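# Per-entry structural report
Single-letter residue listing:
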Amino acid sequence: MAVQALAGGPIETHGELSESRAWSTMKVPVVVAALTAGHADWDAIEAAITRSDNEAALLLWQGLDDGPVEVEAVLRRAGDDRTTLEREPDPRGHSSFGRTVWLLRSALTFYAALARGELVPAADTERVLDAMGRIVPEQRWGLGRVPGIRFKGGWGPSEQPEGGYEVIQVGITGARVIAVAARAEDFEAAERLASKHVPQHPNTS
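Residues numbered from 1 in each chain as written. Predicted model: local features only at pLDDT ≥ 70, side-chain atom pairs only at ≥ 80, totals over all residues. Heavy atoms only, no water.

### Details of the overall build of the protein
Secondary structure assignment for the protein yields seven helices and seven strands. N-terminal to C-terminal, the α/β element order of the protein is β-β-β-α-α-α-α-β-α-α-β-β-β-α. Reported as C-alpha extents along the three principal axes, the dimensions of the protein are approximately 40 × 40 × 30 Å. Counting all 205 residues of the protein, 53% fall into the buried class. Within the protein, contacts between residues separated by at least 24 positions form 60% of all contacts whose residues are at least 6 apart in sequence. The centroid of the 21 positive side-chain charges in the protein is displaced by 5 Å from the centroid of its 29 negative side-chain charges. (Helix = DSSP H or I, 4+ residues; strand = E, 2+ residues; numbered from the N terminus. Buried < 20%, exposed > 50% of the residue type's maximum accessible area, 1.4 Å probe, protein only. Contact = heavy atoms within 4.5 Å. Lys, Arg positive; Asp, Glu negative; His and termini not counted. Charge placed at Lys NZ, Arg CZ, Asp CG, Glu CD.)

Rendered as structure tokens:
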């Protein structure tokens, strides 16, 4: 877990994992890149965020002239100067952008900049954050149980030698931004592990 004040400053960390594949948490940078490029398909944006709809996210991704370059540019504007998007296709069908390795501290940097209104115009910022507050019930585990949180989650098979499954969530609650990642033998175990620690953290309220 990593926690930071929305205004910036020191990052508080807990646990062993400092990074994860971004999975669907990278859909929000894709949304911001699409908005920056003038491709405001709000039906697709709504579906990609609230339901984590892969086809909707892929539509936004394919609308970019150079997806990796444009999303990396969004991350750089947010202050993430480390992350390089995955470019190799995945034979299992997972998106390349979702397989990007994302440091939790870098994910905090992006989501904080979004919440502060630094990446897209105010009206677009509000619509994106509003969608993040309306995640479908079946995806509201972990950070999703925090009242009033605006967040995005992701999950996928671990590519570590031991295999297993990993989950990641990034959320904005009050004056803080929180990222949590967990890895376990399957999705349900990873979800339980992530959910177990979130309510115990004093900075989630």
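### Quick word on the pattern of salt bridges
The tally for this structure, following the rule as stated, stands at 10 salt bridges. For the salt bridge of Arg21 with Glu159, the shortest nitrogen-to-oxygen distance reads 2.9 Å. Taken together, the residues Arg21 in strand S3 (residues 19–21) and Glu159 in the loop between strand S5 (150–157) and strand S6 (165–173) connect sequence positions 138 residues apart. Looking at Arg21, the relative accessible area reads 16%, which means it is buried. Between Asp130 and Arg134 there is a salt bridge, and its shortest N-O distance comes to 2.9 Å. Asp130 gets classed as partly exposed once you look at its relative accessible area, which sits at 42%. On the basis of relative accessibility, which here comes to 36%, the residue Arg134 falls in the partly exposed class. Sharing partners across several salt bridges, the network here consists of Arg21, Glu86, Arg92, Arg99 and Glu159. (Salt bridge = Lys/Arg side-chain N within 4 Å of Asp/Glu carboxyl O.)

### Some details on the side chain of Lys27
Of note, Lys27 is situated in helix H1 (residues 27–36). The buried charged residue Lys27 lacks any salt bridge, with Asp53 as its nearest oppositely charged partner at 6.9 Å. The contacts of Lys27, once residues within four sequence positions are left out, are Ala48, Ser52, Asp53, Asn54, Ala57, Phe97 and Lys152.

### Digging into unusual backbone geometry
A positive phi angle is found at Trp23, which is not glycine, with a value near 45°. Backbone geometry at Ser52 places phi at a positive 55°, although glycine is not the residue there. With respect to the element layout, Ser52 can be found in the loop between helix H2 (42–50) and helix H3 (54–62). Using a relative accessible area of 7% as the deciding quantity, one classes Ser52 as buried.

### Considering the packing of aromatic side chains
The final tally for this structure, using the stated rule, is eight aromatic pairs. Ring geometry for Phe110 versus Tyr111: centroids 5.1 Å apart, planes at 90°, classification edge-to-face. Looking at Phe110, the relative accessible area reads 0%, which means it is buried. Ring geometry for Trp141 against Phe187: centres 6.0 Å apart, planes inclined by 80°, an arrangement best described as edge-to-face. Placement of Trp141 in the loop between helix H6 (122–132) and S5 and of Phe187 in helix H7 (residues 187–197) is noted, with a sequence separation of 46 residues between them. Residue class for Trp141 comes out buried when judged on its relative accessible area of 4%. (Phe/Tyr/Trp six-rings, centres within 6.5 Å; stacked < 30°, edge-to-face > 60°.)

### Description of the pairing of S5
Most of S5 sits inside the fold, with six of its eight residues counted as buried. Examined bridge by bridge, S5 and S6 share eight bridges and lie antiparallel to one another. Counted as the bridge partner of Gly154 is Ile168 from S6. (Pairing = 2+ DSSP bridges.)

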